[in-house]
Structures are given as C-alpha cells and as structure tokens.
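Overview (structure and organization)
Single-letter residue listing:
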Amino acid sequence: MNPPDYKNYSIRELLEALDGVDSEEYPDRAESIKSELQYRQKAGYSITASSPRENFFSSELSFYDVALPIWWQCTWRYFVGAGLISLVSYFLISMVVGMLGLPFIVLAVSLATVNLAITVYVGIFITRQALTAKYKNFHIQIVPKQNS
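Fair warning: this is a prediction, and the values are worked out from it, not measured in the lab.

Within the protein chain, the regular secondary structure consists of five helices and two strands. Within the span of the protein chain, comprising 148 residues, buried residues form 20% of the whole. Within the protein chain, counting contacts between residues at least 6 apart in sequence, those at least 24 apart form 58% of the total.

Listed below in structure tokens is the structure:
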C-alpha cells in the first residue's frame, strides 16, 4: 500500500492526519507529515491549530487579555482622530459659510456630509491598523470560510 501524498493535503488536513496517525506503527508517515508542515512553515504558511477557536482556547490568555487591547486600540484612535478632524472641519466650514453669508442649513448639511466622510475614512484606517497590530501572542486574521 502506497503512503498518501501529503503535498496535496491542506494544512488543516495535515494537522488532522498528524493527529490521527499511529506514529509507532507508521513512523515514516508521521515524519512525512511533520516535514511537510515544517516545509510549509518555512515557505511562509501560517501553521496553527485546526481552528482559531482551538488556538485561542489552548493558550493561557483569557478572552479579555486579547479583546480589551484590541477594543482600546480601535476606540481611542477613532475618537481622537474623528474628533480632531471634525473640529477642524467645523471651524473651516463655519468660516466659509460665515464669510459667504449663507444660511445655517448650508452649515449643517456641510458638517453632516464632512463628518460622514470622516467617520467612514477614520473607521477604515483604524480597522486597517487593528488588523496589522499584534496583541500579545495574537493578531486579528481574516480567513476564508471553510466549506463543511
């Protein structure tokens, strides 16, 4: 019987195969799986537990050790960034509307439009920053949905 070709296995399948192989009866298969995982890790693949949940719950960190720094990182940046930009835009738009003698409704609509754009931009910027940051032994990762 020929051994399986582990080069065609996904990382998840390799981890499951390593978990299920009897390394005493098939030491060569266990070694083949380990060497394929090492090769892929050196090639830049992310080798983790078979699911992010397992990876998180197998660690010694609590949910709050990971979630609070992420929440704080996003929240303070959002309020400071959006607040400063909103203040500056308020003063600039107020000056222009006042100098031109336009009605108050123009000021209100202009501020609402600018603040909406600012909120979207700052939200995207902060989300991007949060995705690239590391939080202790974790980072946020977007992964494709696994078909069951």
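Let's shift gears to helix α2 (residues 27-42). With 16 residues, α2 ought to run about 22 Å at 1.5 Å a step, and its terminal C-alpha atoms sit 22 Å apart, in line with that. For α2, the complete set of buried residues consists of R29, A30, I33, E36, L37 and R40. Summarising the axial view, the buried residues of α2 lie within an arc of 125 degrees, below the 170-degree limit, and thus occupy one face. Turned more than 90 degrees off the buried face of α2, the exposed positions are Y39 and K42. For α2, the elements touching its buried residues are α1 (11-20).

Reading guide: rules and limits
Residues numbered from 1 in each chain as written. Predicted model: local features only at pLDDT ≥ 70, side-chain atom pairs only at ≥ 80, totals over all residues. Heavy atoms only, no water. Helix = DSSP H or I, 4+ residues; strand = E, 2+ residues; numbered from the N terminus. Buried < 20%, exposed > 50% of the residue type's maximum accessible area, 1.4 Å probe, protein only. Contact = heavy atoms within 4.5 Å. Expected span 1.5 Å × (residues − 1). Arc of directions from axis to C-beta.

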